Amino acid sequence: MTKVDPDKLKLFSFLLFTKLEGAVTSAMVHLGDHLGIYRAMAAANSPMTSAQLAHATQLNERWIREWAYNQAAAKIISTINNPSDSPTIEDDTFFLSPEQTAVLASDDHPAFGMGMFHGLPQTMDSLNHLPESFRSGIGRNYDSKGAQGAVSIERSFEPWSRANLISAVLPKLDGVTEVLYKGAQVADIGCGAGGAVLLMGKEFPNSKFVGYDISKYALARAAEKLQASKITNATFTDPRDQPMPTDNSIDLITTFDCIHDMTHPQQMMQSIRQAITNDGTWLLVDIKAHDSFTMNATKNPMAALLYGVSVMSCMSSSMSQPGGAGLGTLGLSAKTAEQMAKSAGFSRFRRLEVEHAVNAFYEIRP
Ligand SMILES: C[S@@+](CC[C@H](N)C(=O)[O-])C[C@H]1O[C@@H](n2cnc3c(N)ncnc32)[C@H](O)[C@@H]1O
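Residues numbered from 1 in each chain as written. Predicted model: local features only at pLDDT ≥ 70, side-chain atom pairs only at ≥ 80, totals over all residues.

1. Describing the overall build of the protein chain
Here is step 1: The secondary structure content of the protein chain amounts to 16 helices and 9 strands.
Here is step 2: In terms of overall dimensions, the protein chain is globule-like: its C-alpha atoms have a radius of gyration of 23 Å, near the 21 Å expected for 366 residues.
Here is step 3: Over its C-alpha atoms, taken along the principal directions, the protein chain stretches across nearly 75 × 60 × 35 Å.
Here is step 4: Sorting the 366 residues of the protein chain into buried and exposed places 39% on the buried side. (Helix = DSSP H or I, 4+ residues; strand = E, 2+ residues; numbered from the N terminus. Rg over C-alpha atoms; globule rule 2.2 N^0.38 Å. Buried ≥ 20, exposed ≤ 12 C-beta atoms within 10 Å, placed from the backbone.)

Here's what the structure looks like:
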């Protein structure tokens, strides 16, 4: 073995333990969301001691205090620096800046970021099963993360969609909103908890919407939300019970962050071609990916996060049956998507100008 450089050794060890710090702090973020601590801080809207925070959340002060020290040290929450030489516990106060409030405590803000943290226990539990997947090659689908897994996905994607889908995305599709206001048939495939279907169903009462998903937990959540919404032009179903039509009768098909999760994405694109009218539109939303690992690693600052999420969720789902394609989170670049869509019988492929931190948007037409 070549000689170890002590400076490089220190730097590498530091790098490694920053990852562990991230994992442990992520667990504390999960608790801050789950226990309503961030929401209590946002509601107070002024600095609080750990005792005040414990009172507001009805939680134990000692546990809150240690949690707050982690969060403030990691700069997830803010603290007022105490100038005293011998500060007391009562001197330490904690608060959320407006930006921290948006990301940590505002379900309605497009930048709300608690979705992935919501599902952290389920995502981390996959560690108990991944060694077997590495041996057998077979991954686990979204239902392996249970009902809270479906809620985690819902909370990850819906805040942005609520703010942007109707106002900023659909108008970018050629002539689609006009058709939807008049009355059209729409399918959202891989609909998850149904957020996009319900948003569109409400905005376009003359159109009919069907959400398809293979996750029983996501479908149950979608059904619950449909009932609460009182929307009457939407239904949710499992395509294995009620297959998608094959008679070119659907005017708009949407797929949000799900094609790369599918075991047979090419087959799905063929089914989409059979379902869609000859002048219909497929809105494909999928992770912004480059064509190679090197490009992703050098151009996408979230590459390590996304490759890790892939092993624990996306690629696992797409390998959950023998022969699964295993595209992975960063596996559907624009070039790959266009090639696959063209071999499924589509001829027009256009990237839409939509600003999003992780997703790319495409209009695909026969
Ligand atoms: C990351 S989630 C996205 C959910 C939803 N589109 C959203 O944006 O919230 C991917 C979804 O694709 C679903 N899925 C995977 N394979 C599918 C298939 N072959 N047909 C329908 N849905 C599928 C999963 O069950 C999961 O709910």
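On we go.
2. Some thoughts on the nonpolar core
Here is step 1: A187, L252, I253, I272 and L284 are the most contacted members of the largest nonpolar core, which has 63 residues in total.
Here is step 2: In terms of residue count, the dominant contributor to this core is helix α9 (residues 146-169) (7 residues).
Here is step 3: Of all hydrophobic cores here, the second largest spans 20 residues; its members include V29, L53, A105 and F112. (Core = buried A, V, L, I, M, F, W, Y, C linked by C-beta atoms within 7 Å.)

3. Focus: the site of the ligand
Here is step 1: Around the ligand sit 22 residues in total, of which G190, G192, S215, F256 and C258 are the nearest.
Here is step 2: Sort the elements by how many residues they give to the shell around the ligand and α9 lands first, with 3 residues.
Here is step 3: Here the residues of the shell around the ligand are counted per class, giving 13 nonpolar, 5 polar and 4 charged. (Near = placed C-beta within 6 Å. Nonpolar A, V, L, I, M, F, W, Y, C, P; charged D, E, K, R; others polar.)

4. Brief notes about the domain arrangement of the protein chain
Here is step 1: Looking at the assigned domains, one finds that the protein chain contains domain 1 (6-106) and domain 2 (124-365).
Here is step 2: The gap between the C-alpha centroids of domain 1 and domain 2 is 35 Å. (Domains from an automatic or database assignment.)

5. Section: the sheet that holds strand β7 (residues 276-287)
Here is step 1: Taking strand neighbours across the sheet as the criterion, the 7 strands line up as β5-β4-β3-β6-β7-β9-β8 in an open arrangement whose pairing is mixed. What marks the edges here is a single partner per strand, and that holds for β5 (234-237) and β8 (348-351). Strand-to-strand, the axes of this sheet are offset by a mean angle of 20°, without reference to chain direction.
Here is step 2: Note that strand β6 (residues 250-256) and β7 share 6 bridges and pair parallel. By the bridge assignment, F256 is partnered in β7 with V285.
Here is step 3: Each of β3 (185-189), β4 (208-212), β5 and β6 is contacted by helix α11 (residues 195-203), which is oriented at about 180° to β4, the strand it contacts most. (Pairing = 2+ DSSP bridges. Axes fitted to C-alpha atoms, helices over the stretch in contact; angles between N-to-C directions. Contact = placed C-beta atoms within 7 Å.)

6. Focus: the pairing of strand β9 (residues 359-365)
Here is step 1: In this sheet, β9 lies alongside β7 in antiparallel orientation, the contact comprising 6 bridges. For L284, the partnering residue across the bridge sits in β9 and is Y362.
Here is step 2: Bridge analysis of β8 against β9 gives 4 bridges, and the strand direction is antiparallel. Across the sheet, F349 pairs through a bridge with I364, a residue of β9.

7. Details of the environment of V169
Here is step 1: When you line up the elements, V169 lands in helix α9.
Here is step 2: The buried category is assigned to V169, around which 22 C-beta atoms lie within 10 Å.
Here is step 3: Once you skip the residues sitting within four places of it in the chain, V169 turns out to touch N164, V354 and F361.

8. Looking at the pairing of β6
Along a regular strand, successive side chains alternate from one face of the sheet to the other.
Here is step 1: Here β6 lies mainly inside the structure; 7 of its 7 residues are buried.
Here is step 2: In the sheet, β3 pairs with β6 via 4 bridges, with the strands oriented parallel. Along β6, the bridge assignment pairs V186 with L252.
Here is step 3: Chirality of the crossover, the property in question, places the unit of β6, helix α13 (residues 265-275) and β7 among those that are right-handed. (Right-handed = clockwise from strand over helix to strand, strands pointing away.)

9. Overview of α13
Here is step 1: Buried within α13 we find P265, M268, M269, S271, I272, R273 and A275.
Here is step 2: Of the surrounding elements, those touching the buried residues of α13 are β3, β6, β7 and α16 (334-343).

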